[in-house]
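# Notes for the structure review
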Amino acid sequence: MTAIYFDNNATTPVDPRVVEAMMPLLTGEFGNPSSMHGLGAHAQSAVNRARAQVQRLVGAAEPGEIVFTSGGTESISAAILSAIELSPERREIVTSAVEHPAVLSLCDWLEKRRGIRIHVVPVDARGRLDMAAYEAALSDRVALVSIMWANNETGVIFPVAELAQKAKTAGVLFHTDAVQAAGKMPIDLKSTPIDMLSLSGHKLHGPKGIGALYVRKGVRFEPLIRGGRQERGRRAGTENTPGIAALGKAAELALAHLDDESTRVRAMRDRLEQGLIERIGRCFVVGDRDSRIANTTNIAFEDVAGEDVVLLLDKAGLAVSLGSACAAGSFEPSHVLMAMKVPEAAVRGGVRFSLSRGNTEAEVDAALEIVPGIIDKLRRMLPPATQEGAPRALDPAHA
Ligand code: PLP
């Protein structure tokens, strides 16, 4: 059983207060929000409360701008496909090379099956977006920009407010995948021209299978799922009332803990990162250290395979991840690290540590004890030419 959980970008433990908030909707308050009787009204008021809680987390102007969905992937699909559907004369999308597969594989499908041209904006060695390429891609042929707020593998934050402003100036709709940003950093949609934003419950101590899409008032929207009039016609299907109540509570708690995230969690992440680098050697942090969400560090350990590190750490009671949980299983090199041109031998050794408010200083201490021994053990299994003392194979420019 895992004793220490440092894989919070994959998913987070559900906060007990969130479980408490969703339980009544699973038991006595089981009504359908569309029903006219008291039980229905009760469920409807739980949904309304949750909508206001999510509205506050993202600083939306009105609760009606929040649409509940089944999670980040659905929100992203709904945003992108709505834009394509509503602007048939615009046949291009602008996105970045480091997006989550929820964006990239949909774009790939749109390109192959619908003939949509996809502009993939590159990033530099620190994971920062190429602003000149971004601006050059904007035109009146573009139906939508979809660029993430914070990267799930490196934690690198894109200047989304600035990107949205540039899109607005060019007359292009702007969507952001804020699945890794929501609850980890302040978001104020009232003061940025973002048109649509996706978030997910299970990344902020809520349950899996619930999320939200923000659609700015006045932005035209075509539903992904058709049927009943739920969510004011923007997402059909009887509401997942327990999930929605849970997401609302999770959003409220995330907002209350934002300071904690950016001070206590950041301090733990920094101590872990610094400590590992000092103790281990021949490793470096991947991604822009000046602009990262507070909980994430992605460290490339030279001359080891990330999957071996993850498996041995798991045996030792520490849960971490390869660059991306979604790449796990395939063991393919991470597209994010490849886009950053991290040297290939180090891409293989990329390990992501992602903390949350549930972690403790004692866990950081324990990780600092466990990880160096495991890396050392793996390096000792290498052929002598690649062991410590041998000439360095990698360019440390990414440090
Ligand atoms: N976008 C990012 C950046 C993510 O990290 C994830 C989940 O890993 C998703 C989208 C997909 O969200 P969900 O798991 O809720 O579908």
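Before reading on, note that the structure itself is shown above.
Residues numbered from 1 in each chain as written. Predicted model: local features only at pLDDT ≥ 70, side-chain atom pairs only at ≥ 80, totals over all residues. Heavy atoms only, no water.

Counting its regular elements, the protein contains 12 helices and 13 strands. Since a compact globule built from 399 residues should have a radius of gyration of about 21 Å, the 22 Å found for the protein is in line with a globular shape. C-alpha atoms of the protein, sized along the principal axes, occupy 75 × 50 × 35 Å. In the protein, which comprises 399 residues, the proportion classed as buried is 57%. In the protein, once contacts between residues fewer than 6 apart in sequence are set aside, the share between residues at least 24 apart is 75%. For the protein, the exposed surface amounts to about 16,500 Å²; the carbon and sulfur share of it is 55%. Positive and negative charge centroids in the protein, built from 45 and 48 side chains respectively, lie 4 Å apart. (Helix = DSSP H or I, 4+ residues; strand = E, 2+ residues; numbered from the N terminus. Rg over C-alpha atoms; globule rule 2.2 N^0.38 Å. Buried < 20%, exposed > 50% of the residue type's maximum accessible area, 1.4 Å probe, protein only. Contact = heavy atoms within 4.5 Å. Areas by Shrake-Rupley, 256 points an atom, 1.4 Å probe, with all protein chains shown as cover. Lys, Arg positive; Asp, Glu negative; His and termini not counted. Charge placed at Lys NZ, Arg CZ, Asp CG, Glu CD.)

Time to look at the nonpolar core. Tyr134, Trp149, Phe174 and Leu197 are the most contacted members of the largest nonpolar core, which totals 64 residues. Counting only domains with at least three residues in this core, you end up with domain 1 (4-11 + 258-386) and domain 2 (16-256). The contacts of Leu197, once residues within four sequence positions are left out, are Val58, Trp149, His175, Thr176, Ala178, Ile187, Leu189, Ala212, Leu213 and Tyr214. Grouped together as the second largest cluster of nonpolar side chains are 27 residues, Phe6, Ile299, Val310 and Val364 included. (Core = buried A, V, L, I, M, F, W, Y, C linked by side-chain atoms within 4.5 Å. Domains from an automatic or database assignment.)

This next bit is on the site of the ligand. Surrounding the ligand, one finds 13 residues, the nearest of these being Gly72, Thr73, Asp177, Ser200 and Lys203. A distance of 3.3 Å separates an oxygen atom of the ligand from a polar atom in the side chain of His100. Contacts to the ligand include Asp177, whose side-chain N or O atom sits 2.6 Å from a nitrogen atom. Protein coverage of the free-state accessible area of the ligand, which is 390 Å², stands at 87%. By residue number, the principal contributor to the shell around the ligand is helix H3 (residues 72-86), which donates three residues. (Near = heavy atom within 4 Å. Polar contact = N/O pair within 3.5 Å; in protein donor to acceptor, adjacent residues only side chain to side chain.)

Turning next to the sheet that holds strand S7 (residues 196-200). Strand order in the open sheet made by the seven strands is S2-S8-S7-S6-S5-S3-S4, with mixed pairing throughout. Looking at which strands have only one partner, the edges of the open sheet turn out to be strand S2 (66-69) and strand S4 (117-121). Across this sheet, the average inter-strand angle for adjacent strands is 20°, counted without regard to direction. (Pairing = 2+ DSSP bridges. Axes fitted to C-alpha atoms, helices over the stretch in contact; angles between N-to-C directions.)

Here we take up the sheet that holds strand S9 (residues 283-285). Read from one edge of the open sheet, four strands run S9-S10-S13-S12, paired in antiparallel fashion. Each edge of the sheet is formed by a strand with only one pairing partner; in this case those strands are S9 and strand S12 (321-322). Where strand S10 (residues 296-301) meets strand S13 (residues 350-354), five bridges bridge the pair, whose relative direction is antiparallel. Counted as the bridge partner of Ile299 is Val351 from S13. Packing of helix H8 (residues 258-280) onto the sheet brings it into contact with S9, S10 and S13, and relative to S10 it is tilted by some 10°.

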